[in-house]
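This is what each chain is made of:
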Amino acid sequence: MIGVLALTMGQASAQRCLPKMQGIEVSGAFVDGKPLSAAFCGGVALSTYTRNGSKWLFGGEYLQRNYAYDEGMTIPVAQFTAEGGYYQKLLMDASKTLFVYGGVSALAGYETVYWGKTLLPDGATLQDRNAFIYGGALTLNIEVYLSDRLALLGNVRERCLWGNDTGLFHEQYGIGLKIIIN
């Protein structure tokens, strides 16, 4: 019995990324290389793993950029988006601690410029308007498991959204936590 235990020691695989396993992800990100006071993003998502260790992801994000206007005044532009996407597993280490995913997502939502106000305090009028937005995102995602139910996330993402007046592309660099719920 001692010989069998010695032969199988260290052979157990972690119970991670099994089919239909789900996790809640909470993340934050820098946007467009700006400091957090000028641009930031936060999101919550539900991920569900597939048979091959890849995952489906459904969630929502809030992104805000503050554009400098006049002597310390900024004009906030906020995007509220819903996301649905597929993340293909690209790499995994033998201990199932580190995973690298490449993902593509569809995004749809709403963008508001200066919270819908068109008149600035100095009397100037904003030409950009609130709008429904749609598009997609490409993501490179890394998961590092701290335990079987908790993972540290890192990602680099490029969003491309049409229908707005304030810019087609936004890149994000973020971190987050994932809690496995079943």
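Read on for a plain summary of the structure.

Basis of the calculations
Residues numbered from 1 in each chain as written. Predicted model: local features only at pLDDT ≥ 70, side-chain atom pairs only at ≥ 80, totals over all residues. Heavy atoms only, no water. Helix = DSSP H or I, 4+ residues; strand = E, 2+ residues; numbered from the N terminus. 1 Å grid on protein atoms, 1.4 Å probe; cavity = no way out; pocket = protein on both sides within 12 Å on 5 of 7 lines; lining within 4 Å. Points joined across faces, edges and corners; volume = space filled by probe spheres on them. Nonpolar A, V, L, I, M, F, W, Y, C, P; charged D, E, K, R; others polar. Buried < 20%, exposed > 50% of the residue type's maximum accessible area, 1.4 Å probe, protein only. Polar contact = N/O pair within 3.5 Å; in protein donor to acceptor, adjacent residues only side chain to side chain. Contact = heavy atoms within 4.5 Å. Salt bridge = Lys/Arg side-chain N within 4 Å of Asp/Glu carboxyl O.

Of note in this structure, Lys96 is not a glycine but carries a positive phi near 55°. As for its placement among the helices and strands, Lys96 is situated in the loop between β4 (74–92) and β5 (98–113). A positive phi angle is found at Tyr114, which is not glycine, with a value near 55°. Structurally, the position occupied by Tyr114 is in the loop between β5 and β6 (131–147).

The subject of this paragraph is empty space enclosed by the protein. Summed over the entire model, instances satisfying the criterion amount to two cavities of 30 Å³ or more. Considering only enclosed or pocket space, the largest cavity measures out at about 220 Å³ in volume. The wall of the largest cavity is formed by 21 residues, among which Glu25, Ser27, Glu61, Asn155 and Arg157 lie closest to the centre. Its residues assigned to classes, the lining of the largest cavity comprises seven nonpolar, ten polar and four charged. Size it by volume and the second largest cavity reaches roughly 30 Å³. Lining the second largest cavity we find Leu63, Arg65, Tyr67, Val77, Gln79, Glu111, Thr166 and His170.

Moving on, we come to the side chain of Gln172. By secondary structure assignment, the location of Gln172 is in strand β8 (residues 169–180). The class of Gln172 is buried, set by a relative accessible area of 2%. One polar contact links Gln172 to Glu61, side chain to side chain, over a distance of 3.4 Å. When residues no more than four places from it in sequence are discounted, the contact partners of Gln172 are Ala29, Phe30, Val31, Cys41, Glu61, Leu63, Asn155, Val156, Arg157 and Arg159.

Right, let's talk about the pattern of salt bridges for a bit. Under the counting rule described, the total for this entry stands at eight salt bridges. For Glu25, the salt bridge is made with Lys55, and the minimal N-O distance between the two is 3.4 Å. Highlighted residues: Glu25 in strand β1 (residues 22–31) and Lys55 in strand β3 (residues 55–68), separated in sequence by 30 residues. Here Lys55 falls in the buried class, since its relative accessible area comes to 1%. Between Lys55 and Glu143 there is a salt bridge; the shortest N-O distance is 2.5 Å. Separated by 88 residues along the polypeptide, Lys55 in strand β3 and Glu143 in strand β6 bring together distant segments of the chain. Accessibility assignment for this pair places Lys55 and Glu143 in one class, buried. Sharing partners across several salt bridges, the network here consists of Glu25, Lys55, Glu143 and Lys178.

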